[in-house]
Amino acid sequence: MSLRTKIIIWFVALHVVFVAAAVFVLMENPLLLFAVEVCFAVSIIVSVRLVRALFVPLEMIRTGADLMAERDFTSRFVPVGQPEMDRLIGIYNDMVDRLREERLAAEEQHQLLQRIVKASPSGMVICDFDGRIEQTNPAADRLLREPAVRERVEGGAPASPAGEPPASTLVVAGARRLRILRTEFRDRGFVKSFYLLEELTEELRQTEKAAYEKLIRMMSHEVNNSVGAVRSLLESLLRYGAQIGESDRGDFVSALTVASARIDSLNRFMGGFADVVRLPPPHPSDTDLASVIESIAALLRPELEQRGIVLQLDLARNGEVRVDRHQIEQVILNVLRNAMESIGSDGSIDVIWGDGVLSVRDSGRGIDRRNEHELFTPFFTTKRDGRGLGLTIVQEILINHHAHFTLQNREGGGAEFRISFG
């Protein structure tokens, strides 16, 4: 039973008692009794109306609370002409107007934030309270396809002692480099992890390229200036060979010949560096990659047999791609020679081509984890007489062809160089 009903019953019961008392007292005066009963009837009516008027604000508050519970901020109350009620109605209407505006602004900001997150080139990952991935954007979905990235995120790097969000660089499949930034935020009082994944590969590559291009140009300029002058002097000195005594002439000519040969070797050595800087843009044409691979295999066959390395080819015959034939030949030759160097002797290389994917798998010693992040760095090499430009040239050619490539260890030993065209 509501409070309003109880109060009305109380007023009615009280008036019934008064009416009974009046009848008992004024039984002998009917006219006065009638007047008193009329007054009681009017009092009951007025009391009921006052009770109803008293409970109208409470009804309005209840209705307003129900509307707010249903998150309905569009309904407004109309003034009723009572100063107290109209003031309360005005306060409620102002409150719901402000809530509606704030709700609309929050929804618009949320939609804007969602669009920004979706379009962001950086990967964004939100983890749940247990550290499992809960929400990602499209950029993060692409990066999390790499097992190493997912492992790093789900592993949960510890926060830095100073409270600063720690950042780390992760090398993926030899060539790609990612920056992983971890921070924390509170959701309902509990800590959640937030990761920002940034692709640094192209930025670092351009920085490295600008640095080694400047270095190579400077080296080439200085070496070429010196080589030209020295070679000219050596050729001039050789003309004096006839004037040297017979006992010393042989040593004289031999020394100058060796020096001239070393100058030529130095010139070719610097030319190899200059090739990286002078790498021309590709001129693509429809190319049968299977025939390219077979011609390179025929070229390397004698050396492969000498080393005891078995080369197995699994080539699709309907797999033409639009590439620069000469540059792709250089890529495949470099990759096969690297596989041969990794094996040394007595091993196998599998070359598989089909569906736009070229895979070169070897049974060599694989990639040393300590050197994995340096593989595509200019001038880095593990060979005694290497220059560290082979994989750099391969990387430049494949990037210019918009090809995706990876170099990573295989389960069970060896490494795999994988190239996806198109």
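The structure displayed is predicted, hence computed values, not measured ones.

Engineer: Requested: an account of the packing of aromatic side chains, with residues and values cited.
Structural biologist: Per the counting criterion, the structure on display carries three aromatic pairs. Measuring from centroid to centroid gives 6.3 Å for Phe-405 and Phe-417, while their planes differ by 10°, and the two rings are stacked. Of this pair, Phe-405 sits in strand S11 (residues 404-409) while Phe-417 sits in strand S12 (residues 415-420), placing them 12 residues apart in sequence. Assessed through its relative accessible area of 7%, Phe-405 is described here as buried. In this structure, Lys-192 packs its charged tip against the face of Phe-129, placed 4.9 Å from the ring centre.

Engineer: Which residues make up the side chain of Asp-362, and what values do they have?
Structural biologist: By secondary structure assignment, the location of Asp-362 is in strand S10 (residues 357-362). No salt bridge is formed by the buried Asp-362. Its closest oppositely charged neighbour is Arg-410, at 6.0 Å. A polar contact is formed between the side chain of Asp-362 and the backbone nitrogen of Gly-364, at a distance of 2.8 Å. Apart from the residues lying within four places of it in its own chain, the contact partners of Asp-362 are Ala-339, Ser-342, Ile-343, Ser-348, Ile-349, Arg-410, Gly-413, Gly-414 and Ala-415.

Engineer: How would you explain the packing of helix H9 (residues 325-343) against helix H10 (residues 390-400) if you had to name every residue and give the values?
Structural biologist: Between H9 and H10, the shortest axis-to-axis distance is 10 Å and the interhelical angle comes to 145°. Crossing handedness for the pair H9 and H10: left-handed. Contact residues: Gln-327, Ile-328, Gln-330, Val-331, Asn-334 and Asn-338 in H9; Gly-390, Leu-391, Ile-393, Val-394, Ile-397 and Leu-398 in H10. By residue class, the composition of the contact of H9 with H10 is seven nonpolar, five polar and no charged.

Engineer: Explain the packing of helix H8 (residues 289-307) against H9 residue by residue, including any values.
Structural biologist: Where H8 contacts H9, the two axes come as close as 10 Å, and the packing angle between them is 30°. As judged from the angle between their axes, H8 and H9 are roughly parallel. Here H8 and H9 pass one another in a crossing that is right-handed. On the side of H8, the interface is formed by Leu-289, Ser-291, Val-292, Ile-293, Ile-296, Leu-299, Leu-300, Glu-303, Leu-304 and Arg-307, while H9 contributes Arg-325, Ile-328, Glu-329, Ile-332, Leu-333, Leu-336, Arg-337, Met-340 and Glu-341. Residue composition of the contact of H8 with H9, grouped by class: 12 nonpolar, one polar and six charged.

Engineer: Explain the pattern of salt bridges to me, and be specific about the residues and the numbers.
Structural biologist: Scanning all chains against the criterion turns up 14 salt bridges. One salt bridge in this structure joins Glu-341 and Arg-307, with 3.4 Å as the shortest N-O distance. Separated by 34 residues along the polypeptide, Glu-341 in helix H9 and Arg-307 in helix H8 bring together distant segments of the chain. Note that Arg-418 and Glu-416 form a salt bridge whose closest N and O atoms lie 3.8 Å from each other. Glu-416 sits in the buried class, given a relative accessible area of 15%. Beyond isolated ion pairs, a larger network of salt bridges with shared partners links Glu-303, Arg-307, Arg-337 and Glu-341.

Engineer: Mind laying out the sheet that holds S11, listing which residues take part and the relevant values?
Structural biologist: Taken together, the five strands give an open sheet; going across it, the order is S7-S9-S10-S12-S11, and neighbouring strands pair in mixed fashion. The strands lining the two open edges of the sheet, one partner per strand, are strand S7 (309-315) and S11. Sheet twist, expressed as the mean angle between neighbouring strand axes with direction ignored, is 10°. In the sheet, strand S9 (residues 347-354) pairs with S10 via six bridges, with the strands oriented antiparallel.

Engineer: Please give an account of a nonpolar patch on the surface that cites residues and values.
Structural biologist: The grouping of Val-38, Val-42, Val-46 and Leu-50 at the surface amounts to a nonpolar patch, some 330 Å² of accessible area in total. Within the fold, Leu-50 resides in helix H2 (residues 30-69).

Engineer: Help me get a handle on the confidence of the model for the chain, residues and values and all.
Structural biologist: Model confidence for the chain is summarised by a mean pLDDT of 77, while 72% of its residues fall at 70 or above. Taken element by element, the predicted model of the chain shows its lowest mean pLDDT in strand S3 (residues 167-172) (57) and its highest in S10 (93). Contacts for the low-pLDDT stretch residues 158-165, under 50 throughout, to residues beyond four places or in other chains number 10 contacts.

Engineer: With reference to specific residues and values, describe the pairing of S9.
Structural biologist: The side chains of a regular strand alternate between both faces of the sheet. Pairing geometry for S7 and S9, over seven bridges, is parallel. Across the sheet, residue Leu-315 finds its bridge partner in S9, namely Trp-353. With antiparallel pairing between neighbouring strands as the criterion, S9 and S10 make up a hairpin whose turn holds two residues, including Asp-355 at a positive phi of roughly 55°.

Procedures and definitions
- Residues numbered from 1 in each chain as written.
- Predicted model: local features only at pLDDT ≥ 70, side-chain atom pairs only at ≥ 80, totals over all residues.
- Heavy atoms only, no water.
- Phe/Tyr/Trp six-rings, centres within 6.5 Å; stacked < 30°, edge-to-face > 60°.
- Helix = DSSP H or I, 4+ residues; strand = E, 2+ residues; numbered from the N terminus.
- Buried < 20%, exposed > 50% of the residue type's maximum accessible area, 1.4 Å probe, protein only.
- Lys NZ or Arg CZ within 6 Å of the ring centre and 35° of its normal.
- Lys, Arg positive; Asp, Glu negative; His and termini not counted.
- Salt bridge = Lys/Arg side-chain N within 4 Å of Asp/Glu carboxyl O.
- Polar contact = N/O pair within 3.5 Å; in protein donor to acceptor, adjacent residues only side chain to side chain.
- Contact = heavy atoms within 4.5 Å.
- Axes fitted to C-alpha atoms, helices over the stretch in contact; angles between N-to-C directions.
- Left-handed = near helix turned anticlockwise from the far one by under 90°.
- Nonpolar A, V, L, I, M, F, W, Y, C, P; charged D, E, K, R; others polar.
- Parallel < 35°, antiparallel > 145°, perpendicular 65-115°, else oblique.
- Pairing = 2+ DSSP bridges.
- Patch = residues over 30% accessible without salt bridge, like charges linked within 9 Å, V, L, I, M, F, W, Y side chains within 5 Å.
- Areas by Shrake-Rupley, 256 points an atom, 1.4 Å probe, with all protein chains shown as cover.
- pLDDT = per-residue confidence, 0-100.

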